[in-house]
Structure formats: structure tokens, C-alpha cells
Amino acid sequence: KHELNITLGSNQKPNPKDEWLLAHKKSCADLKQRVSNYIGKLSDLSSEAKATFSKFGKWKASTESLIEDMERLAEQCWSKNSVSIVEEVKNLLAKKQEAHSAWKRQHEDKVKKVKLQLSTSLAKVKQTAGNAQKVEDKGSNAAKQFESLQTIGNGILKKIEDSKGLQSSGDVSEQLSKTKDALDSVRVDNVRFKKLASAISEAEIEAKRNAELVGTVKLELKEKEILSNYIVDLDAVPAHSYWNNELDNLKTQARAGIEKLDLISPAALEDALRKFEAQIESAKKLAETVQTKYDSFKTEMGSKVESLKAQQAD
């Protein structure tokens, strides 16, 4: 046997003949450690088993005591006219069930009532928001609505002004041709202009309707307070699985209605209405100016055409 008690230096490797023994010693140490761990786990399991057995013992004792108490009560019941006692219990249960049903019915009716009221209120909110949007859209698009009218009207006025510079001397035929062309060009534009100007009266009616809508919207903003009261009523309903989901849904709808009304600004509606009315007034003034200028232009140019025709005939 080779000696194993040789002191090895830090850089000195063991003799190859010793490696199997060293490996065996390491395996023994690992096995010893695993055995120690198993013993520790078994000890823990033993402690838990003792604790569980102790709890079982207590539970068993309590159960046996409860069974004994129930047997005594049963004996007392049978000795005191058990049929009568059973009837009393049934009646008591029936009364409790009836009271619970009445309680449930009371709150269900309240939830249904608020649900119906909320539906009506939310319909008003939707209509109010729609009316507010109409007024705001008219204010935003007022200038665009009369854009074509402004373009054609200003074009007519420019042509009328430019016609004053038409040559009034020289070749009569040429003067007559240019005068007729100028008159016909303005006449055609005026026909288009009058057709567009006919919408001014409709816009005035719409402006009056919008003014009424602004007043209505202001009044309907009180629905915010009504919706808030519905939320208070729903909060007063006791929490229960019967209606909890519906309560949450109804309160969410009510809050959404309040948020929608909060987006409506009476000042913004008034401003939109003023813009619309201002554009209508501007269009009316332009229509009056164009009509006056055109009538004068038509008379003047018509006389000039007749005069030139007379000169041409001579």
C-alpha cells in the first residue's frame, strides 16, 4: 500500500495511484452530507406531523363535543313536541326569506327607477351636445358659407368699376361690341350672384334658430346636477352581487354624461352665434351694394348701347 500521509505542496499534484482513493473519500463526504440533509428534512416532517396530529386531536375533541350537544338538543326537541319546533323554525325561515325578498325588491326597484331616469337624462345630454355642436360649426364655417357670394359680388363690383374706363371715342362698332360684352359679362355674374344671395334669408332664419338653441343649451346644462344626484342615489344602494355590476355601469354612464356637458361652453356658443350673424350681415350689405351698383350700371350701359346703335345707324 502506497503511503497517503505525504504532505503535498500547493503546486504538487497527488500521485496517480492515490486519485481513486481521493475520489472515494469525496464521494463518502458527499453521501454523508446528503444523509445529513435527509435526516434534517425527516426531522422537520416529524415536527409537522406532530403539530398536525395535535390539531387533529383538538378538532376531533371539538367535533365529538358538538355531536354530543346536538344529540342532547335533538333529545330535548323530541321530548318537547318536535313537530311544533320544526314548524316554528320553518315559519322563522319563511319570515326571514320574505324580509330578504322585500329588501331585494326595494333596492332593485330603486335601481330600475334610476336606470330609467338616467336613460332619459342621457338622451337629453346627447341632444344638447348635438345642438351645441351645430351652433359651433355654423360659427366656424360662417365665412366659408358665403365665400362664393363674396367672390362673385366683389368681382361684379370690380367689373362695373373697370367699365368706366371703356373707350368712349373712336370706332363706334368697336365701342358697341365692348359695351355689350361688359354688360353681358356683368349680367351673367349677377344672375349667379342673386341665386347665391337667396340663401341669405335662409341663413337669417337659421341664425334665429341657433339663437334659440343657445338659450336651450344653457338651460339643459342643469342636467349635470341631475346626473350628479343619480350618482348619489346609486351610491346609497347597499353593495351586493345582485346589482353591483349594474350600479358600476350606470354610474359610469352618468359620469360620462357630466363630462360631455362640461365640454360645452356657453361663452363659446355666444361667440359662434355672433360670428354667424356677422357673416350674414356682411353678406346682406354686399348684396344690397351689388344690386344698387348693378341697377345703375345696367341703366347706364343700356343707354350707351342704344346711343351707339343710333350712331352706327347714321
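An account of the accompanying structure is given in this report. (Residues numbered from 1 in each chain as written. Predicted model: local features only at pLDDT ≥ 70, side-chain atom pairs only at ≥ 80, totals over all residues. Heavy atoms only, no water.)

### A word on the overall build of the chain
Consideration 1: A count of helical and extended segments in the chain gives eight helices and zero strands.
Consideration 2: Expressed as a percentage of the 314 residues in the chain, the buried residues total 22%.
Consideration 3: In the chain, once contacts between residues fewer than 6 apart in sequence are set aside, the share between residues at least 24 apart is 89%.
Consideration 4: Surface summary for the chain: the accessible area is close to 22,300 Å², and the carbon and sulfur share equals 54%. (Helix = DSSP H or I, 4+ residues; strand = E, 2+ residues; numbered from the N terminus. Buried < 20%, exposed > 50% of the residue type's maximum accessible area, 1.4 Å probe, protein only. Contact = heavy atoms within 4.5 Å. Areas by Shrake-Rupley, 256 points an atom, 1.4 Å probe, with all protein chains shown as cover.)

### A word on the nonpolar core
Consideration 1: Counting 26 residues, the largest nonpolar core has Leu118, Val135, Leu227, Leu247, Leu261, Ile264 and Leu269 as its most contacted members.
Consideration 2: One finds Phe146, Val186, Ala207 and Ala283 within the second-largest nonpolar core, a separate group that totals 23 residues. (Core = buried A, V, L, I, M, F, W, Y, C linked by side-chain atoms within 4.5 Å.)

### Description of helix H5 (residues 199–220)
Consideration 1: Compared with an ideal rise of 1.5 Å per residue, which puts 22 residues at 32 Å, H5 spans 31 Å between its outermost C-alpha atoms and is within 8% of the ideal.
Consideration 2: Regarding H5, the residues found buried are Ile200, Ala203, Ala207, Asn210, Leu213, Val214 and Val217. Projected down its long axis, H5 carries its buried residues within an arc of 125 degrees, all on one side. Facing away from the buried side of H5 by more than 90 degrees, the exposed set consists of Glu202, Ile205, Lys208, Glu212 and Leu219. (Expected span 1.5 Å × (residues − 1). Arc of directions from axis to C-beta.)

### Here we look at the packing of aromatic side chains
Consideration 1: Applying the stated criterion to the full structure yields two aromatic pairs.
Consideration 2: Plain terms: the ring middles of tryptophan 103 and tryptophan 243 are 5.5 Å apart, the flat faces sit at 45 degrees to each other, and that makes the pair tilted. Taken together, the positions of tryptophan 103 in helix H2 (residues 82–145) and tryptophan 243 in the loop between helix H6 (223–235) and helix H7 (244–262) put the pair 140 residues apart, joining distant regions of the chain.
Consideration 3: By relative accessible area, which is 27% here, tryptophan 103 ends up partly exposed.
Consideration 4: The class for tryptophan 243 is buried, based on a relative accessible area of 3%.
Consideration 5: Members of the aromatic cluster, joined through ring pairs, are Trp103, Tyr242 and Trp243.
Consideration 6: The aromatic ring of tyrosine 242 is capped on one face by lysine 104, whose charged end is 4.2 Å from the ring centroid. (Phe/Tyr/Trp six-rings, centres within 6.5 Å; stacked < 30°, edge-to-face > 60°. Lys NZ or Arg CZ within 6 Å of the ring centre and 35° of its normal.)

The values reported here are purely geometric and, on their own, carry no functional implication.
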